[in-house]
Amino acid sequence: MRKYPRIHAVLVLAFALPVSAAMAAGQDAEEFSFAEGLFVHKDYRSAVEEFAAFVKKFPKSELVAAASYRIGECHMRLADHKAAATAFDRALKTYPAAKGSALGAYNLGRARRHLKLTEAALAAFTTATAKGTGQVREEALVGTGECLVDLKRLDEAAKSYTTLLESFPKSKHRPAALFSLGWLNSKLNRHDQAVKAFTTLLREFPKHESAPKAGLALSDAYAALGQFDKSAEALKTVSGAAEMAQDVMLRKAWNEFKSGSKAKAAKSFAAFADAFPKNVQAPSARFNAGIACFDTADYGTALKHFSLLLKDFPKATEAGLGRYWAGLCLFNLSKYAETCAMLKPLVGKEKSMDAAKRDVFDCVYAQALAKTGKHPEAIAQLRAFLKRAPKSKQ
């Protein structure tokens, strides 16, 4: 889902020579006025033909620059972005100092964006930002920010949005720019600055469409700073948004987990998995409920969650680790035969585990085998472990 403001209306060019004054100047003004009339009445196909004919017929007219930029606008209105880009690029190279050049550069950026020529679009928006004033510069800064985000130049994008907010404090793009700035700072691990941006957005635009997401993002930023109480408070700002219910539940669970309230976290993760079994995060929530219980030595409840994970989501990414942790739960519950049965399917797949888990697996499985009287298998398991990891803490 797109997080950045789009550029909407094609701005109307304002040229140095008013049509009324130009009409008194001769035939060129009369023909320009005719083409302009077609443009104003939205007959863009006819207008572009007339403007193109004008440029060829009156190459030295004071209105030739205006006509050249109008060709680009006609193509833009007809959604022919390739032709628009060609026309604006030609006009900018031929008439770089014309009054409409800043707007032409902006519209060139728009056309290139439609063509997915991001680097080229960025160059055009940068030119428009440098040359333009007022609304042209404002819109060009938005385009610049979008391009920089797409190019993953996040720090530069943050600077562009900061410039937009400082230069145009009453911009219609302010809510979206604040959200983008907060998101960018979060990505850049500047969580304190993210908090500032999201807090400003929620204070100034509490009913904006981005407010619920801003509340979630603010909660994440506080959590990243280790300020879990404030993170929980931020979640309250979105608790009434039905479409955010699932996100709120998950964040609440993670806040509890990271703040050390493992028992509460286990219940919250389990509640999510129970309430939203078809959500893509349900396997992860069930797994984390088990981990939270394991961390509090509630092995029976942890086993229940890991067993549900294996039953309900056997093909989930978490299933393999779920079996591993279920085996540890059974071992801690002194159910050694069940431990062997649970862990045996993982034999030969240990390489997918990290070193610490693999070491624990080898030792626990060997001990479970020994406890059930399978001493030769246990000895073989331990010898293989000692050969593989002679310096392991296990």
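What comes next is a walk through the structure. Not measured: the values here are computed from a predicted model.

A word on the overall build of the protein chain. For the protein chain, the helix and strand inventory stands at 21 helices and zero strands. Computed over C-alpha atoms, the radius of gyration of the protein chain comes to 32 Å, more than 25% over the 21 Å expected from 2.2 N^0.38 for 394 residues, which places it beyond the range of a compact globule. With the C-alpha coordinates of the protein chain rotated into their principal frame, the extents come out at 110 × 45 × 35 Å. Across the protein chain, every contact between residues at least 6 apart in sequence was considered, and the portion connecting residues at least 24 apart equals 50%. Between the centroid of the 59 positive side chains of the protein chain and the centroid of its 39 negative side chains there is a distance of 7 Å.

We now examine the side chain of S61. Examined against the element boundaries, S61 turns out to sit in the loop between α3 (44-57) and α4 (64-77). The exposure class of S61 is buried, given its relative accessible area of 11%. One polar contact links S61 to D28, side chain to side chain, over a distance of 2.8 Å. Beyond its immediate chain neighbours, meaning those up to four positions away, S61 contacts D28 and F54.

Running from amino to carboxyl end, helix α6 (residues 101-114) crosses helix α7 (residues 118-131) at an angle of 160°, the nearest separation of the two axes being 8 Å. The orientation of α6 with respect to α7, classified from their angle, is roughly antiparallel. Considering how the two elements wind past one another, α6 and α7 form a crossing that is left-handed. In this structure, α6 contributes S101, A102, A105, Y106, L108, G109, R110, R112 and R113 to the contact, and α7 contributes T118, A120, A121, A124, F125, T127, A128 and K131. Its residues assigned to classes, the contact of α6 with α7 shows nine nonpolar, four polar and four charged.

Located in the positive-phi region is A79, a residue other than glycine, with phi close to 65°. Secondary-structure assignment places A79 in the loop between α4 and α5 (81-94).

On to the packing of aromatic side chains, then. The full count for this structure, using the stated rule, is 16 aromatic pairs. Through a chain of ring-to-ring contacts, the aromatic side chains of F32, F51, F54 and F58 assemble into a single cluster. The aromatic ring of F39 is capped on one face by R70, whose charged end is 4.1 Å from the ring centroid. When the ring centre of F257 is taken as origin, the NZ or CZ atom of K262, which lies over that ring, is 4.6 Å away.

A few words on the environment of K371. The topology assignment puts K371 in helix α20 (residues 355-371). Taking the C-alpha atoms as reference points, K371 and S334, separated by 37 residues in sequence, lie 9.3 Å from one another.

Because the α-helix completes a turn every 3.6 residues, residues three or four places apart line up on one side. Helix length check: α20 (17 residues) gives 24 Å between terminal C-alpha atoms against 24 Å at 1.5 Å per residue, within 8%. By the burial criterion, the buried members of α20 are D359, F361, D362, C363, V364, Y365, A366, A368 and L369. Between the side-chain oxygen at the start of α20 and the backbone nitrogen of A356 there is a gap of 3.2 Å, and the oxygen is on D354.

Side chains that are nonpolar tend, in soluble globular proteins, to be buried together. Counting residues in each nonpolar core, the largest one holds 53 residues, and the members touching the most others are Y106, L164, L184, F198 and L218. Among the elements that line this core, the one with the most residues is helix α8 (residues 134-150), at seven residues. Ignoring any residue separated from it by four or fewer positions in sequence, one finds L218 in contact with V195, F198, T199, L202 and A234. Grouped together as the second largest cluster of nonpolar side chains are 43 residues, A265, Y324, Y365 and A368 included.

Our focus in this paragraph is the pattern of salt bridges. Going through the model one piece at a time under the given rule, you end up with 22 salt bridges. One salt bridge connects K159 with D155, and the closest N-O pair in it is separated by 3.5 Å. Within this pair, K159 and its partner D155 are both found in helix α9 (residues 154-167), separated by four residues, close to a single helical turn. In this structure K159 comes out as exposed when scored by relative accessible area, which is 53%. Judged by relative accessible area, which is 31%, D155 ranks as partly exposed.

Reading the values: the criteria
Residues numbered from 1 in each chain as written. Predicted model: local features only at pLDDT ≥ 70, side-chain atom pairs only at ≥ 80, totals over all residues. Heavy atoms only, no water. Helix = DSSP H or I, 4+ residues; strand = E, 2+ residues; numbered from the N terminus. Rg over C-alpha atoms; globule rule 2.2 N^0.38 Å. Contact = heavy atoms within 4.5 Å. Lys, Arg positive; Asp, Glu negative; His and termini not counted. Charge placed at Lys NZ, Arg CZ, Asp CG, Glu CD. Buried < 20%, exposed > 50% of the residue type's maximum accessible area, 1.4 Å probe, protein only. Polar contact = N/O pair within 3.5 Å; in protein donor to acceptor, adjacent residues only side chain to side chain. Axes fitted to C-alpha atoms, helices over the stretch in contact; angles between N-to-C directions. Parallel < 35°, antiparallel > 145°, perpendicular 65-115°, else oblique. Left-handed = near helix turned anticlockwise from the far one by under 90°. Nonpolar A, V, L, I, M, F, W, Y, C, P; charged D, E, K, R; others polar. Phe/Tyr/Trp six-rings, centres within 6.5 Å; stacked < 30°, edge-to-face > 60°. Lys NZ or Arg CZ within 6 Å of the ring centre and 35° of its normal. Expected span 1.5 Å × (residues − 1). Core = buried A, V, L, I, M, F, W, Y, C linked by side-chain atoms within 4.5 Å. Salt bridge = Lys/Arg side-chain N within 4 Å of Asp/Glu carboxyl O.

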